[in-house]
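In case you want the letters, here they are:
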Amino acid sequence: MTDTNTEAATRADTDGVRMLRVAHDDPRVDGLLAGLLEEYTERYGAEGAANELSRYPVTEFVAPHGCLVLAELDGEVVAGGALRPYHRDRAIQADTVEFKRVWTSARHRRRGLGRRIMSALEGAARDLGYTRVILFTGPSQPEAVALYERIGYRWVDPATVEDLPYPKAIPFAHDLAPDRV
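Reading the values: the criteria
Residues numbered from 1 in each chain as written. Predicted model: local features only at pLDDT ≥ 70, side-chain atom pairs only at ≥ 80, totals over all residues. Heavy atoms only, no water. Helix = DSSP H or I, 4+ residues; strand = E, 2+ residues; numbered from the N terminus. Polar contact = N/O pair within 3.5 Å; in protein donor to acceptor, adjacent residues only side chain to side chain. Axes fitted to C-alpha atoms, helices over the stretch in contact; angles between N-to-C directions. Parallel < 35°, antiparallel > 145°, perpendicular 65-115°, else oblique. Left-handed = near helix turned anticlockwise from the far one by under 90°. Contact = heavy atoms within 4.5 Å. Nonpolar A, V, L, I, M, F, W, Y, C, P; charged D, E, K, R; others polar. Phe/Tyr/Trp six-rings, centres within 6.5 Å; stacked < 30°, edge-to-face > 60°. Buried < 20%, exposed > 50% of the residue type's maximum accessible area, 1.4 Å probe, protein only. Lys NZ or Arg CZ within 6 Å of the ring centre and 35° of its normal.

Peer 1: Explain the side chain of Arg 84 to me, please; I cannot follow it from the model alone.
Peer 2: By the element assignment, Arg 84 lies in strand E4 (residues 76-85). At a separation of 2.4 Å, a polar atom in the side chain of Arg 84 contacts the side chain of Glu 60. Of note is the side chain of Arg 84, whose polar atom sits 2.7 Å from the side chain of Glu 98.

Peer 1: I tried to follow the packing of helix H2 (residues 113-127) against helix H3 (residues 142-150) on my own but got confused; where do I start?
Peer 2: Packed helices, taken two at a time, are described by their axes: the angle between them and the distance between them. Where H2 meets H3, the closest approach of the two axes is 11 Å, and the angle between their N-to-C directions is 60°. If you check the angle between H2 and H3, you find them oblique. Between H2 and H3 lies a crossing whose hand is right-handed. Counted together, Gly 114, Arg 115 and Met 118 of H2 and Leu 147, Tyr 148 and Arg 150 of H3 form the full contact between these two elements. Residue composition of the contact of H2 with H3, by class: 3 nonpolar, 1 polar and 2 charged.

Peer 1: Which parts of the structure should I look at to understand the packing of aromatic side chains?
Peer 2: For any two aromatic rings, the description comes down to two numbers: the centre-to-centre distance and the angle of the planes. One pass over the full model with this rule turns up 4 aromatic pairs. Pairing Tyr 148 with Tyr 153 gives two aromatic rings, centres 6.1 Å apart and planes at 45°, and the pair type is tilted. Overall, the relative accessible area of 5% leaves Tyr 148 in the buried class. Taken together, Tyr 148, Tyr 153, Trp 155 and Phe 172 form an aromatic cluster joined through their ring pairs. In this structure, Lys 100 packs its charged tip against the face of Tyr 56, placed 3.9 Å from the ring centre.

Listed below in structure tokens is the structure:
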């Protein structure tokens, strides 16, 4: 996949899902944010949802060091995720990317979309020169924990992480192997 300001790559698989790599200001990002707001509100309440979405505004995922990945089905965003440098000062751990906003619509779960989003995020991260991923999830998201474990992400001791985004955050890390051709 190559990157442009709007849509880098579009591929429709046999199930009709299109995987898109988009810039932070693409209007389709609103579908991801709306889905996340609904999901977070259900799991963490309105205040918790608002806090999480404001902690990492969409401008955190700006090119050339970040982007968003969306899965679209019949014009609807049904899954997505975002990546950004782990540290704002890229000189610190410049090889490490952070994945955020990984989400799949409840109506479209159990179809492998989470795995596809993670794969697309990993590809985008490699294209941007990253070699290591860190991400955080919460104890109220057991599906996310199971996905990350299933695809080879390893738990990181929270005591070894400088800046946990919240006290109960569960950190995971993964080394990005080069793309296989």
